[in-house]
Amino acid sequence: TKEAKATLDEIVEYISNPDNRITSINIVGYADEIGGNSYNQRLSEKRAMRVKKYISSKGYERSNVLDVR
């Protein structure tokens, strides 16, 4: 959504500021209880990976600190 992208853009701006000294970022995806466990696990992982890719696409160069869970 537009709101989610705006929030992610704010996060990118914050983590890109060297004064904030970010050393690790955990990206955790979630799903509701609808669907089976394996489906929801894959959905959660897919959502988290999309966030990582979005952050990287915005020019964040330290993708090695992004950990998807």
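Visitor: Would you mind showing me how to read a positive patch on the surface here?
Guide: Taken together, the side chains of Lys-5, Lys-46, Arg-50 and Lys-53 present a region of like positive charge at the surface. It is helix H2 (residues 37–57) that provides the largest number of residues to the positive patch, a total of three residues. Here Lys-5 is to be found in helix H1 (residues 2–16). Residue classification places Lys-5 among the partly exposed positions, given a relative accessible area of 47%.

Visitor: Where do I start with H1 in this structure?
Guide: An α-helix turns once per 3.6 residues; consequently, residues spaced three or four apart project the same way. For H1, built from 15 residues, the straight-helix expectation of 21 Å at 1.5 Å per residue is met to within 8% by its first-to-last C-alpha distance of 21 Å. Along H1, the residues classified as buried are Leu-8, Val-12 and Ile-15. Projection of H1 onto a plane perpendicular to its axis shows the buried side chains occupying an angular sector of 75°, all on one side. Facing away from the buried side of H1 by over 90 degrees, the exposed positions are Lys-2, Glu-3, Glu-10 and Glu-13.

Visitor: Just checking my understanding: could you explain H2 for this structure?
Guide: For H2, spanning 21 residues, the distance from its first C-alpha to its last is 30 Å, which sits close to the expected 30 Å at 1.5 Å a residue. When we look at burial in H2, the residues that qualify are Asn-40, Ser-44, Ala-48, Tyr-54 and Ile-55. Projection of H2 onto a plane perpendicular to its axis shows the buried side chains occupying an angular sector of 120°, all on one side. Set apart from the buried face of H2 by more than 90 degrees, the exposed residues are Arg-42, Lys-46, Arg-50, Lys-53 and Ser-57. Each element contacted by the buried residues of H2 is listed here: H1, strand S1 (25–27) and strand S2 (66–68). One or two residues past the end of H2 sits Gly-59, with phi positive at roughly 95°.

Visitor: How should I be thinking about the nonpolar core in this particular structure?
Guide: Taken as a class, soluble globular proteins show a tendency for nonpolar side chains to be buried jointly. Formed by Val-12, Ile-15, Ile-22, Ile-25, Ile-27, Ala-48, Ile-55, Tyr-60, Val-65 and Leu-66, the largest nonpolar core amounts to 10 residues. For this core, the secondary structure elements donating two or more residues are H1, S1 and H2. Those residues in contact with Tyr-60, other than ones at most four positions away along the chain, are Ile-15, Ser-16, Ile-22, Ile-25, Ile-55, Val-65 and Leu-66.

Visitor: I keep staring at the confidence of the model for the chain and nothing clicks. Help me out?
Guide: Low pLDDT marks stretches whose predicted atomic positions should not be read closely. For the chain, the mean per-residue pLDDT works out to 90, and 100% of the residues sit at or above 70. Averaged pLDDT values for the elements of the chain fall to 86 in S2 and rise to 94 in H1.

Rules used throughout
Residues numbered from 1 in each chain as written. Predicted model: local features only at pLDDT ≥ 70, side-chain atom pairs only at ≥ 80, totals over all residues. Heavy atoms only, no water. Patch = residues over 30% accessible without salt bridge, like charges linked within 9 Å, V, L, I, M, F, W, Y side chains within 5 Å. Areas by Shrake-Rupley, 256 points an atom, 1.4 Å probe, with all protein chains shown as cover. Salt bridge = Lys/Arg side-chain N within 4 Å of Asp/Glu carboxyl O. Lys, Arg positive; Asp, Glu negative; His and termini not counted. Charge placed at Lys NZ, Arg CZ, Asp CG, Glu CD. Helix = DSSP H or I, 4+ residues; strand = E, 2+ residues; numbered from the N terminus. Buried < 20%, exposed > 50% of the residue type's maximum accessible area, 1.4 Å probe, protein only. Expected span 1.5 Å × (residues − 1). Arc of directions from axis to C-beta. Contact = heavy atoms within 4.5 Å. Core = buried A, V, L, I, M, F, W, Y, C linked by side-chain atoms within 4.5 Å. pLDDT = per-residue confidence, 0-100.

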